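Single-letter residue listing:
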Amino acid sequence: MDLTAATAELARLAVDTARLLPSRVLDPVLAGIRLDATGAGVTMSGTDRDRAVRLAGSAIVHTDGAVLVPGRPLADTLRALDEPEVRLAVEGSRLAVRTSRARFALPILDLESHPGVPEPPAAAGALTGPAAVRAFAAVASASSRDDALPLFTGVRLRATGDTLRLIATDRYRLAIAELAWRPARAGLDILVPAGVLTEVARQAAGAAAIGTDIVVRADADRAAISWPGAVIGSALLATPFPDESRYLSAGADATITVEADELANAVRRVGRYADGRGAVTVELGDGEARVRSTGGDDGEAEEAVKATVDGQLTHSYRVQYLADALRTFPGQRVRMAIQRGLKATTITAAAPDPDGLVLRYVVMPMVQRS
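Residues numbered from 1 in each chain as written. Predicted model: local features only at pLDDT ≥ 70, side-chain atom pairs only at ≥ 80, totals over all residues. Heavy atoms only, no water.

### Quick notes on the packing of helix H1 (residues 7-18) against helix H2 (residues 71-80)
Contact geometry for H1 and H2: axes closest at 8 Å, N-to-C directions at 150°. Judged by the inter-axis angle, H1 sits roughly antiparallel to H2. Judged by the twist between their axes, the crossing of H1 over H2 is left-handed. For the pair formed by H1 and H2, the contact residues are Thr7, Leu10, Ala11, Ala14, Val15 and Ala18 on the first element and Gly71, Arg72, Leu74, Ala75, Leu78 and Arg79 on the second. Across the contact of H1 with H2, the residue classes break down as eight nonpolar, two polar and two charged. (Axes fitted to C-alpha atoms, helices over the stretch in contact; angles between N-to-C directions. Helix = DSSP H or I, 4+ residues; strand = E, 2+ residues; numbered from the N terminus. Parallel < 35°, antiparallel > 145°, perpendicular 65-115°, else oblique. Left-handed = near helix turned anticlockwise from the far one by under 90°. Contact = heavy atoms within 4.5 Å. Nonpolar A, V, L, I, M, F, W, Y, C, P; charged D, E, K, R; others polar.)

Structure below.
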């Protein structure tokens, strides 16, 4: 194998591929990146048997071939280069990374012992790129990071007609997104690891900005998300998911309409003085929401944010949960529907979304200290 390519593009491919591979494994082959060079360009791929990634880029290929090399060392080497072009060539038992002034050599791993990167399942349907990227990132943020409860580490994708609903919860908050869906076949109800969707949103953001469609693929065991030049897949989580409808309520004892960024920033600043529970109190007043926290020996803080308020209520929320919820509506004005007692607060956009995305973020309040 022998090719020449733009350093920045190869570095991006290697970094994005390596991010989905394990950093510490008993079998170093699973931490390897496979490079395939053909007349069509270069492809980097890898798998840890659960997740799989395949990314394509442009290159001038002098000699076709395929090699397996340590993933993170390749990514780190390419990312550190400051020349516009780089050449990758097999030299004996090494893959040489060459520039006009330097040479780096990585060991070639046993390609035959690699389990292979599975082909993605057939397409289930397609989404418009900008809406899909925003939905994936927003909903995945509400999932749990606790692997001891795999049920709550996933995002449920359920299609009904021409609408796809995404749902995630960690039991204390819940995010639901609905967006336009162009089905390729009838029926879709799968539970995908939230970390995979977070990575998809990060990598696909550039493609989505130029209007690329995002394709969801699935079979009985695996799911994959693809867009031109990229596919990221994963084994499905085989656990039942709770019915989200019981957490949703159309009623509200008080409402507030406010700029999401302004309230999120106030929560973040005041939250530095939060008590040991990590909580802030939001008090609805005349034309404002007042965010307060009292941390005892650490001091206290309060900040008022202008808002349209209907009703009088005071609730305490965990700083991280409320800030995360508000951050899913960047640059938007939001409506918070608040209920008395320990009932859920629902946050939605105050105006229709230009991409047709309907997003609801539900946050549970905390017991207020007297």
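That covers the picture; the talk isn't over yet.
### Side note on H2
Among all positions in H2, only Gly71, Leu74, Ala75, Thr77 and Leu78 are buried. Projected onto a plane normal to the axis of H2, the buried residues spread over an arc of 165° and lie on a single side. Every exposed residue of H2 that faces more than 90 degrees away from the buried side is listed here: Arg79 and Ala80. (Buried < 20%, exposed > 50% of the residue type's maximum accessible area, 1.4 Å probe, protein only. Arc of directions from axis to C-beta.)

### So, the pattern of salt bridges
Overall, the coordinates contain 29 salt bridges when judged by the stated rule. A salt bridge links Glu119 to Arg54; its shortest N-O distance comes to 3.7 Å. Of the two residues, Glu119 is situated in the loop between strand S9 (103-107) and strand S10 (123-128) and Arg54 in strand S4 (residues 51-57); the sequence distance between them amounts to 65 residues. Using a relative accessible area of 61% as the deciding quantity, one classes Glu119 as exposed. A salt bridge links Arg79 to Asp76, with the shortest nitrogen-to-oxygen separation between them at 2.9 Å. Of the two residues, Arg79 and Asp76 both sit in helix H2, three residues apart, roughly one turn of that helix. On the accessibility criterion, Arg79 (54% relative accessible area) is exposed. Classification of Asp76 as partly exposed rests on a relative accessible area of 41%. (Salt bridge = Lys/Arg side-chain N within 4 Å of Asp/Glu carboxyl O.)

### What to know about the sheet that holds strand S24 (residues 314-318)
Spatial ordering of the open sheet is given by S22-S21-S20-S24, a layout of four strands whose pairing is antiparallel. Bordering the open sheet on either side are strand S22 (300-306) and S24, each of which pairs with just one other strand. For this sheet, the mean inter-axis angle between neighbouring strands, taken without regard to orientation, is 25°. Both strand S21 (residues 288-294) and S22 contribute to a ladder of seven bridges, which runs antiparallel. From the neighbouring strand, Glu288 faces S22, where its bridge partner is Lys306. This element, helix H5 (residues 260-270), spans strand S20 (279-284), S21 and S22 of the sheet and lies at about 175° to S22. Across the sheet, helix H6 (residues 319-327) touches S20 and S24, and the angle it forms with S24 is around 90°. (Pairing = 2+ DSSP bridges.)

### Thoughts on the pairing of strand S16 (residues 213-218)
Bridge analysis of S10 against S16 gives five bridges, and the strand direction is antiparallel. What sits directly across from Leu127, in S16, is Ile214. Inspection of the sheet shows S16 paired to strand S17 (residues 222-227) by four bridges, in the antiparallel sense. Looking at the pairing, Val215 lines up with Ser226 of S17. Where S16 folds back onto S17 in an antiparallel hairpin, the turn is made up of three residues.

### Focus: empty space enclosed by the protein
Scanning the entire structure with this criterion turns up one cavity of 30 Å³ or more. Volume-wise, the largest cavity comes out at about 90 Å³. Around the largest cavity, the lining comprises 14 residues; the ones closest to its centre are Ala52, Pro118, Pro120, Ala224 and Gly233. Listed by contribution, the elements that provide at least two residues to the lining of the largest cavity are S4, S17 and strand S18 (230-235). Partitioned by chemical class, the residues of the lining of the largest cavity number 10 nonpolar, one polar and three charged. (1 Å grid on protein atoms, 1.4 Å probe; cavity = no way out; pocket = protein on both sides within 12 Å on 5 of 7 lines; lining within 4 Å. Points joined across faces, edges and corners; volume = space filled by probe spheres on them.)

### Details of the nonpolar core
In terms of nonpolar packing, the biggest core is built from 105 residues, with Leu10, Leu78, Leu88 and Phe136 touching the most fellow members. Every residue in contact with Leu78, bar those within four places of it in the chain, is listed here: Thr7, Leu10, Ala11, Ala14, Met44, Val86, Leu88 and Val97. (Core = buried A, V, L, I, M, F, W, Y, C linked by side-chain atoms within 4.5 Å.)

### Describing the sheet that holds S16
Sheets are built from strands that pair by backbone hydrogen bonding, the pairs being arranged parallel or antiparallel. Taken together, the nine strands give an open sheet; going across it, the order is S6-S2-S3-S4-S18-S17-S16-S10-S14, and neighbouring strands pair in antiparallel fashion. Among the strands making up the open sheet, the edge pair consists of strand S6 (65-70) and strand S14 (182-183). Sheet topology note: the strand S3 (residues 41-47)/S4 ladder contains six bridges and is antiparallel. By the bridge assignment for S4, Thr47 is matched with Ala52. Seen against the sheet, H2 touches strand S2 (32-38), S3 and S6 and runs at an angle of roughly 95° to S6. Packing of helix H3 (residues 129-140) onto the sheet brings it into contact with S10, S16 and S17, and relative to S10 it is tilted by some 100°.

### Re the side chain of Ser293
Here Ser293 lies in strand S21. With a relative accessible area of 4%, Ser293 lands in the buried category. A distance of 2.8 Å separates a polar atom in the side chain of Ser293 from the backbone oxygen of Val270. Here the side chain of Ser293 touches Tyr273 through a polar contact of 3.5 Å, landing on its backbone oxygen. Not counting the four nearest positions on each side in its chain, Ser293 is found in contact with Val270, Tyr273, Ala274, Ala279, Val280, Glu300 and Ala301. (Polar contact = N/O pair within 3.5 Å; in protein donor to acceptor, adjacent residues only side chain to side chain.)

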